Amino acid sequence: MATLPLLPGSSPKLVGIARLASEGESLRPGHEVEYFTLPARSLLNRCTSARLPFTWTINPYRGCEFACKYCYARYTHEFMEMRDGVDFEQKIYVKQHAAHLLRQELRRVKPGEEIAIGTATDPYQPAERRFEVTRAILEELTRHQGLEIGLITKGSLILRDLDLLRELQRNNRLFVNLTITTLNVDLARILEPRAPRPDLRMETVRKLNLAGIVAGVSCSPVIPGITDAPQDLERLVRATAEAGGKHIFANPLFLKPCSAAVFLPFLEQEFPQLAAGFHQRYKDRAFLPKTYGKRISQLMQRLRQKYGIVRGGDRYGPRPPASSRARMQLDLF
């Protein structure tokens, strides 16, 4: 099968992940999307950012077909020498031998270190229906005990794996986040063109909790002037409570240059009255002022209290029995 031509005439200069990507074999194409194999060297990645609450990340795919206009993770394709931000949503790389790699690498995880699945690309994007990399990862994780695992997605396909999630939660601490930035279906369609409708995602939260899976909502990113109206955030919190969601949190939009290159032209087309302000706010920074984030945090705290989501940031369910945690040493080390 043909390989993806990244830089015609310069392939001998590619190294590392860029070389591996250039050697990927073309799989069946999707709707304006091409899928390629990626012979990954590692699946478990250490997170070094002090901003994030987890130690390890797993992303079964590189690239994401949901095509969210605000997606911060477009920069990950730049490691493969792909500078066009649209490539992130149209060229999806399927990591090979994921379960085998994870089996070898889990011994690096120490007790209390959280593993987050889906931090850069959605583990239940359309590719998962065909390639089942995420399911293979969950199958491997169920063979271990005492892990702390978070999973974030916009994909209602996660309901396919209820059997594995129940098994995983039996001997590990697990929580699931469905990302829902707005309940406005029309707005969601232009912000997140190929993601499931927000009502379907909230219904997924309900079904997960009914099945005994600890699930809640991430309404991140909060986009100034578009999704940050207090009444809209209150609707989200109320709907989360009605769905049985155990937690809900929000973080403001941040824009790396590669993401801004997609998001700002989108704004000029769909929200021209906001474009100048965003250009000014993000022209020399990726993050909004801390005062904005503090206001969002305080508002969300008040809304959680109002609607009885008392656990807030306590994302996990009950800790497994001590005997299960003790056996972690045997499974991982």
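Residues numbered from 1 in each chain as written. Predicted model: local features only at pLDDT ≥ 70, side-chain atom pairs only at ≥ 80, totals over all residues. Heavy atoms only, no water.

**Some details on the overall build of the chain**
Here comes step 1: Check the secondary structure of the chain and you find 14 helices and 10 strands.
Here comes step 2: Here the chain holds 333 residues, and the buried ones make up 54% of them.
Here comes step 3: Of the accessible surface of the chain, which amounts to about 15,200 Å², a share of 51% is contributed by carbon and sulfur atoms. (Helix = DSSP H or I, 4+ residues; strand = E, 2+ residues; numbered from the N terminus. Buried < 20%, exposed > 50% of the residue type's maximum accessible area, 1.4 Å probe, protein only. Areas by Shrake-Rupley, 256 points an atom, 1.4 Å probe, with all protein chains shown as cover.)

**Some remarks on the pattern of salt bridges**
Here comes step 1: Following the criterion strictly, the structure yields 19 salt bridges and no others.
Here comes step 2: Glu148 is the partner of Arg173 in a salt bridge, and the nearest nitrogen-oxygen pair spans 3.5 Å. Of this pair, Arg173 sits in strand β8 (residues 173-179) while Glu148 is found in strand β7 (residues 148-153), placing the two residues 25 residues apart along the sequence. Across the pair, Glu148 and Arg173 agree in class, each one buried.
Here comes step 3: Arg160 is paired through a salt bridge with Asp161; the nearest N and O atoms lie 2.9 Å apart.
Here comes step 4: Via salt bridges that share partners, Glu128, Arg135, Glu139, Arg160, Asp161 and Asp163 belong to a single interconnected network. (Salt bridge = Lys/Arg side-chain N within 4 Å of Asp/Glu carboxyl O.)

**Digging into the packing of aromatic side chains**
Here comes step 1: By the definition in use, this model includes 8 aromatic pairs.
Here comes step 2: Ring centres of Tyr35 and Phe131 lie 5.4 Å apart, and the angle between their planes is 75 degrees; on these two criteria the pair is classed as edge-to-face. One end of the pair, Tyr35, is in strand β1 (residues 34-38); the other, Phe131, is in helix α4 (residues 126-131), with 96 residues separating them in the sequence.
Here comes step 3: Overall, the relative accessible area of 2% leaves Tyr35 in the buried class.
Here comes step 4: A ring pair is formed by Tyr72 and Phe254, whose centres lie 5.3 Å apart and whose planes are at 35 degrees; its orientation type is tilted. Highlighted residues: Tyr72 in the loop between β4 (61-62) and α2 (87-90) and Phe254 in the loop between β10 (248-249) and α10 (257-270), separated in sequence by 182 residues.
Here comes step 5: For Phe254, a relative accessible area of 22% gives the class partly exposed.
Here comes step 6: An aromatic cluster of at least three residues, connected via ring pairs, comprises Phe263, Phe266, Phe271, Phe278 and Tyr282. (Phe/Tyr/Trp six-rings, centres within 6.5 Å; stacked < 30°, edge-to-face > 60°.)

**Remarks on helix α8 (residues 198-210)**
Here comes step 1: The end-to-end C-alpha separation of α8 is 19 Å, in line with the 18 Å expected for 13 residues at 1.5 Å each.
Here comes step 2: Every buried residue belonging to α8 is among Pro198, Arg201, Met202, Thr204, Val205, Leu208 and Asn209, and all of these are buried. All buried residues of α8 fall inside an arc of 150 degrees around its axis, so they share one side.
Here comes step 3: Looking at the packing, one finds that the buried side of α8 touches α6 (162-171), β8, α7 (185-191), β9 (215-218) and α9 (230-242). (Expected span 1.5 Å × (residues − 1). Arc of directions from axis to C-beta. Contact = heavy atoms within 4.5 Å.)

**A few points about the packing of helix α3 (residues 98-105) against helix α5 (residues 133-141)**
Here comes step 1: Remark: α3 packs on α5, axes separated minimally by 8 Å, with the N-to-C direction vectors making an angle of 30 degrees. Where α3 crosses over α5, the two elements pack in a sense that is right-handed. Residues Ala98, Ala99, Leu102 and Arg103 of α3 touch α5, and the partners they reach there are Val133, Ala136, Ile137, Glu140 and Leu141.
Here comes step 2: Its residues assigned to classes, the contact of α3 with α5 comprises 7 nonpolar, no polar and 2 charged. (Axes fitted to C-alpha atoms, helices over the stretch in contact; angles between N-to-C directions. Left-handed = near helix turned anticlockwise from the far one by under 90°. Nonpolar A, V, L, I, M, F, W, Y, C, P; charged D, E, K, R; others polar.)

**Comments concerning the confidence of the model for the chain**
Here comes step 1: In the predicted model, the chain carries a mean pLDDT of 86, and the fraction of residues at 70 or more is 83%.
Here comes step 2: Contacts of residues 24-30 to residues separated by more than four positions or lying in other chains number 26 contacts, the stretch itself having pLDDT below 50. (pLDDT = per-residue confidence, 0-100.)

**Examining the packing of α5 against α6**
Here comes step 1: Contact geometry for α5 and α6: axes closest at 9 Å, N-to-C directions at 30 degrees. In this view, α5 runs roughly parallel relative to α6, as classed from their interaxial angle. The handedness of the crossing between α5 and α6 is left-handed. Where α5 approaches α6, its residues Arg135, Leu138, Glu139 and Leu141 are matched on the opposing element by Asp163, Leu164, Leu165 and Leu168. (Parallel < 35°, antiparallel > 145°, perpendicular 65-115°, else oblique.)

**Let's talk about the pairing of β7**
Here comes step 1: Extensive coverage of β7 is indicated by the burial of 5 of its 6 residues.
Here comes step 2: Bridge count for strand β6 (residues 114-117) against β7 is 4 bridges, and the pairing is parallel. Bridge pairing in β7 places Ile115 opposite Ile149.
Here comes step 3: Sheet topology note: the β7/β8 ladder contains 6 bridges and is parallel. The partner of Thr153 across the bridge, within β8, is Leu178.
Here comes step 4: In this view, the connection linking β7 to its parallel neighbour β8 by way of α6 has right-handed handedness. (Pairing = 2+ DSSP bridges. Right-handed = clockwise from strand over helix to strand, strands pointing away.)

**Overview of the sheet that holds β1**
Note: strands within a sheet are paired through backbone hydrogen bonds, in either parallel or antiparallel orientation.
Here comes step 1: Here 3 strands make up an open sheet; going across it, the order is β1-β5-β4 and the pairing mixed. Unpaired on one side and paired on the other, β1 and β4 mark the two borders of the sheet.
Here comes step 2: Bridge analysis of β1 against strand β5 (residues 91-95) gives 5 bridges, and the strand direction is parallel. In the sheet register, Glu34 faces β5, and the bridge partner there is Lys91.

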